[in-house]
Amino acid sequence: MGHLLGLIVERDQQIAPSDPPLMLSALVNYLTANDAGPGFYQFAKELQLLPMSASKDEKDSFWIKQVRRLYERHEARPSLA
């Protein structure tokens, strides 16, 4: 699944480039968690969007910014329920 999400991120960047890049996979929550999984953060590091030594707070902040930017891009609002 991680490989497929990585391909989606790469393809989305080709179709709709953004600076800094958006990771569409930010919208996919890790199984039994309320955020992205370790593969998301590792890929962000490989894309140099996140420092290799990123703390939990840095990862959380990065993920939240990605999700917000994706909602803005697609003019959607997160559910308050």
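This report concerns the structure included in the present document. (Residues numbered from 1 in each chain as written. Predicted model: local features only at pLDDT ≥ 70, side-chain atom pairs only at ≥ 80, totals over all residues. Heavy atoms only, no water.)

## Structural notes on the overall build of the chain
Operational definition: Each helix is a run of H or I in the DSSP string that is no shorter than four residues. Each strand is a run of E no shorter than two, and both are numbered from the N terminus. Throughout, radius of gyration means the C-alpha value; the globule benchmark is 2.2 Å times the number of residues raised to the power 0.38. Only protein chains enter the calculation, and the probe is 1.4 Å; a residue is then buried if its accessible area is under 20% of its type maximum, exposed if over 50%, and partly exposed in between. Working rule for contacts: check all heavy atoms of both residues, and any pair within 4.5 Å makes them a contact. Calculation of accessible area relied on Shrake-Rupley with a 1.4 Å probe; when residues are assessed, cover is drawn exclusively from the protein chains displayed. Charge counting treats Lys and Arg as positive and Asp and Glu as negative, with His and both chain ends excluded. Charge placement uses NZ in Lys and CZ in Arg. For Asp and Glu, CG and CD serve respectively.
Within the chain one finds 3 helices and 0 strands. Against the compact-globule benchmark of 12 Å for 81 residues, the chain has a radius of gyration of 12 Å, which places it among compact chains. Each principal axis of the C-alpha distribution contributes one length, and for the chain these read about 30 × 30 × 25 Å. Here the chain, with 81 residues, has 28% of them falling under the buried criterion. Expressed as a percentage of contacts within the chain between residues at least 6 apart in sequence, the contacts between residues at least 24 apart total 44%. For the chain, the exposed area adds up to about 5900 Å²; of that, 57% sits on carbon and sulfur atoms. Charged side chains of the chain number 9 positive and 10 negative; the gap between the two group centres comes to 2 Å.

## Thoughts on the side chain of Asp-12
Mapped onto the secondary structure, Asp-12 falls in helix H1 (residues 2–15). With sequence-adjacent residues up to four places away left out, Asp-12 is seen in contact with Pro-17, Leu-22, Leu-24 and Arg-73.

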